[in-house]
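What follows is each chain in one-letter form.
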Amino acid sequence: MKIFALSDIHGMYEQFEELLKFWDRESTLVILGDLVDRGPDSYKVVKHVLDLKRAYGEQVVLCMGNHEQMLLDFLADPQANRQFYYQVGGRETMASFARRLDEPPSNSFDLAARVLEVFPDEIALLQSAALFKVIGGVLFTHAGFDSSYAAFSETTPDDLLWIRDHYLVENKTPYVNVFGHTPLPQIHDSADVWCSADQKYIGIDGGCYFSGQLNAVLLTEQGELVQTYSVKR
């Protein structure tokens, strides 16, 4: 079995659709979170992933990203979380949901309540996302794990969503870690897929919203990189 993995779509629906043309529908599809925020079509991205889950079941794996967590936190308590969430791309996400409402509320707090009421399946999809996924010899995470430990299970949930620079420390686990979250231009001055010298880390976040490039990788269950794919704006 092979695994097709991508991450950090950030509402860039057209690039997402184009990249999925490379998925052969026989491989497992793993999406490493950050479906939402910043880009213009977060709702369409979430709905497409929901449709894929309904069609392919467990063959489609969704991991939680920090932006999914921020969206869920906002919906749970918009009064406390609106200011921060809207500063990191949430305004665009809520606007994309609002466009699907017949009479969208002008108040962002009322809009949060309407989204929970009208889109329960889409929100449930995000709530059900895994913090990580292990397939064979591959550890899939949104951000990474605390690489100061030899067991990734020592990592806190927050670090799985938010950690930076973990790939600078030797991966002492038995797994190849495939991660997003950190845009690749911050790792090696390119939006292309990056592999560490020992092949124990693979970074795939092309920074699509900023760079215009969305990446995917095709892997074996042992973590061997078979092929890389990218689409650009």
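The coordinates are above.
Residues numbered from 1 in each chain as written. Predicted model: local features only at pLDDT ≥ 70, side-chain atom pairs only at ≥ 80, totals over all residues. Heavy atoms only, no water.

> So what exactly am I meant to see when it comes to the packing of helix H3 (residues 66–76) against helix H6 (residues 120–127) here?
A pair of packed helices can be characterised by two numbers: the angle between their axes and the separation between those axes. For the pair H3 and H6, the least separation of the axes is 10 Å and the interaxial angle reads 125°. As judged from the angle between their axes, H3 and H6 are oblique. Remark: the crossing between H3 and H6 carries left-handed chirality. Within the contact between the two elements, H3 uses Glu68, Leu71, Leu72 and Leu75 and H6 uses Ile123, Leu126 and Gln127. Looking at side-chain class alone, the contact of H3 with H6 contains 5 nonpolar, 1 polar and 1 charged residues. (Axes fitted to C-alpha atoms, helices over the stretch in contact; angles between N-to-C directions. Helix = DSSP H or I, 4+ residues; strand = E, 2+ residues; numbered from the N terminus. Parallel < 35°, antiparallel > 145°, perpendicular 65-115°, else oblique. Left-handed = near helix turned anticlockwise from the far one by under 90°. Contact = heavy atoms within 4.5 Å. Nonpolar A, V, L, I, M, F, W, Y, C, P; charged D, E, K, R; others polar.)

> Would you take a moment to explain the layout of surface pockets for this structure?
If you roll a probe as big as a water molecule over the atoms, it shows you where there is empty space left. Approximately 210 Å³ is the volume attributed to the largest pocket. In terms of lining, the largest pocket is formed by 18 residues, of which the most central are His10, Arg38, His67, Arg164 and His181. Within the residue set of the lining of the largest pocket, elements represented by two or more residues are H3 and helix H9 (208–211). Taken as a whole, the second largest pocket spans an internal volume of roughly 160 Å³. Every residue along the wall of the second largest pocket is listed here: Lys53, Glu58, Val60, Val61, Leu62, Leu125, Ser128, Ala129, Ala130 and Lys133. (1 Å grid on protein atoms, 1.4 Å probe; cavity = no way out; pocket = protein on both sides within 12 Å on 5 of 7 lines; lining within 4 Å. Points joined across faces, edges and corners; volume = space filled by probe spheres on them.)

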